[in-house]
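The chain contents come next:
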Amino acid sequence: MKFKLIFCFLIFSFFTFAQSGKCTIKINYNLSEVKENGIISFSATNLSNKNIKVLKSFHDYKAQLENIFYVDSDGNLLPKNLGTADIDFFKQDKTVVLKPNESRIYKINIFETLQGSKYLRAEYSYKFDVWFNFIDLVDHRFDCDVIGLEKLKNLKYQPQAIQ
């Protein structure tokens, strides 16, 4: 009886400690659709050995554009002066379970971002930087490191009609 009790305790302890500790999410970007469609794709991959919860969808307004330049009719790059927004997200969106080594793909449309919806028009060409607010990508109950975070610089959007 003692052996069974000790064995059960050891199994329970093993699973408890195996599930504790930090998890890791890796962000990878796919920029193949930016130039013509204004779409930035990224994937979040669970590199840890446990299931975690991530946002079901990543809203466009969680990406912010900076250093925007537009191309005028003479082909000159001109700055489009606008600031970044200090956006706080108080509402936790719906989440889905991301199993170990599983990825979830998200797409952002630059024209649906906070700055893009106000200042960009699809018929003009642009050069810009973009950064993402990943603070609530992973459910707050999980202690995760998010790696691959970076500001994407010098992205270009050029509609097909102008090329």
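First, a word on what this report is: a plain description of the structure on this page. (Residues numbered from 1 in each chain as written. Predicted model: local features only at pLDDT ≥ 70, side-chain atom pairs only at ≥ 80, totals over all residues. Heavy atoms only, no water.)

### Digging into the overall build of the protein
A count of helices and strands for the protein gives three helices and 10 strands. Listing each helix as α and each strand as β along the protein from the N terminus yields α-β-α-β-β-β-β-β-β-α-β-β-β. Within the span of the protein, comprising 163 residues, buried residues form 33% of the whole. Here the contacts in the protein between residues at least 6 apart in sequence split such that 79% fall between residues at least 24 apart. (Helix = DSSP H or I, 4+ residues; strand = E, 2+ residues; numbered from the N terminus. Buried < 20%, exposed > 50% of the residue type's maximum accessible area, 1.4 Å probe, protein only. Contact = heavy atoms within 4.5 Å.)

### Remarks on the pattern of salt bridges
What the rule picks out here adds up to seven salt bridges. Of the charged contacts in the structure, one is a salt bridge between aspartate 143 and lysine 22, with a shortest N-O distance of 3.7 Å. Taken together, the positions of aspartate 143 in the loop between β8 (126-132) and β9 (144-147) and lysine 22 in the loop between α1 (2-19) and β1 (23-30) put the pair 121 residues apart, joining distant regions of the chain. Aspartate 143 gets classed as partly exposed once you look at its relative accessible area, which sits at 44%. A salt bridge links lysine 151 to glutamate 66, with the shortest nitrogen-to-oxygen separation between them at 2.6 Å. Taken as a pair, lysine 151 in the loop between β9 and β10 (152-157) and glutamate 66 in strand β4 (residues 63-71) lie far apart in primary sequence, 85 residues in all. Since its relative accessible area comes to 35%, lysine 151 is described here as partly exposed. Glutamate 66 sits in the buried class, given a relative accessible area of 17%. Residues participating in the shared-partner salt-bridge network are Lys22, Asp143 and Asp145. (Salt bridge = Lys/Arg side-chain N within 4 Å of Asp/Glu carboxyl O.)

### Section: the state of the cysteines
Per the counting criterion, the structure on display carries one disulfide. Each disulfide pairs two cysteine sulfurs, and for cysteine 23 the partner residue is cysteine 144, the sulfurs being separated by 1.5 Å. Looking down the S-S bond of the cysteine 23 and cysteine 144 bridge, the torsion is -60°, so its handedness is left-handed. A residue pair is termed long-range when its members are at least 10 positions apart, and cysteine 23 in strand β1 and cysteine 144 in strand β9 qualify at 121 residues. With respect to burial, cysteine 23 and cysteine 144 carry one shared label: buried. (Disulfide = S-S within 2.5 Å.)

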